[in-house]
Amino acid sequence: TIPLSITTPSNLPDATVGQRYSAIFTAAGGDEKYTWSLTSGMPHTRLFKTTCSDNSCVSTGIPTVAGTYNVAVTVRSGALTTDKSFTLKVLRRPR
């Protein structure tokens, strides 16, 4: 079995309060059948949704509070499990 890893860079693209945001998480290795979970940290949002398939997981929403958030993601593939922490900056809406 190939080692399992989350291949998304640790610094997610910045988000802006009030604007739709998407973060894409990708994995490699394992047996290529993945189960994803966002284990902590997504910012205050409206209509936040996570959709996963195969080797990727897309989280979308509209952030409502500016700040820096630590996001933790876990992926499982067969008997293998790995997690990774990410930093997401939510910027204030420009005036």
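Remember, predicted model here, so these are calculated numbers, not experimental data. (Residues numbered from 1 in each chain as written. Predicted model: local features only at pLDDT ≥ 70, side-chain atom pairs only at ≥ 80, totals over all residues. Heavy atoms only, no water.)

Caption draft 1: Looking closely at the pairing of strand β3 (residues 21-30). Sheet topology note: the strand β1 (residues 2-6)/β3 ladder contains three bridges and is antiparallel. Each bridged residue has a counterpart across the sheet, and for I2 the counterpart in β3 is G30. As paired elements, β3 and strand β6 (residues 56-63) share six bridges and run antiparallel to each other. Directly across from Y21, in β6, lies its bridge partner G61. (Pairing = 2+ DSSP bridges. Helix = DSSP H or I, 4+ residues; strand = E, 2+ residues; numbered from the N terminus.)

Caption draft 2: Quick look at the confidence of the model for the protein chain. Mean pLDDT for the protein chain: 86, with 91% of residues reaching 70 or above. Per-element confidence in the protein chain is highest for strand β2 (residues 15-16), whose mean pLDDT is 94, and lowest for strand β5 (residues 45-53), whose mean pLDDT is 68. (pLDDT = per-residue confidence, 0-100.)

Caption draft 3: View of the state of the cysteines. Following the criterion strictly, the structure yields one disulfide and no others. One disulfide bridge connects C52 with C57, the sulfur atoms lying 2.0 Å from each other. (Disulfide = S-S within 2.5 Å.)

Caption draft 4: Looking closely at the side chain of S77. Its place among the elements puts S77 in strand β7 (residues 67-77). Here S77 is in contact with L4, G29, G30, D31, E32, K33 and Y34, once residues within four sequence places are set aside. (Contact = heavy atoms within 4.5 Å.)

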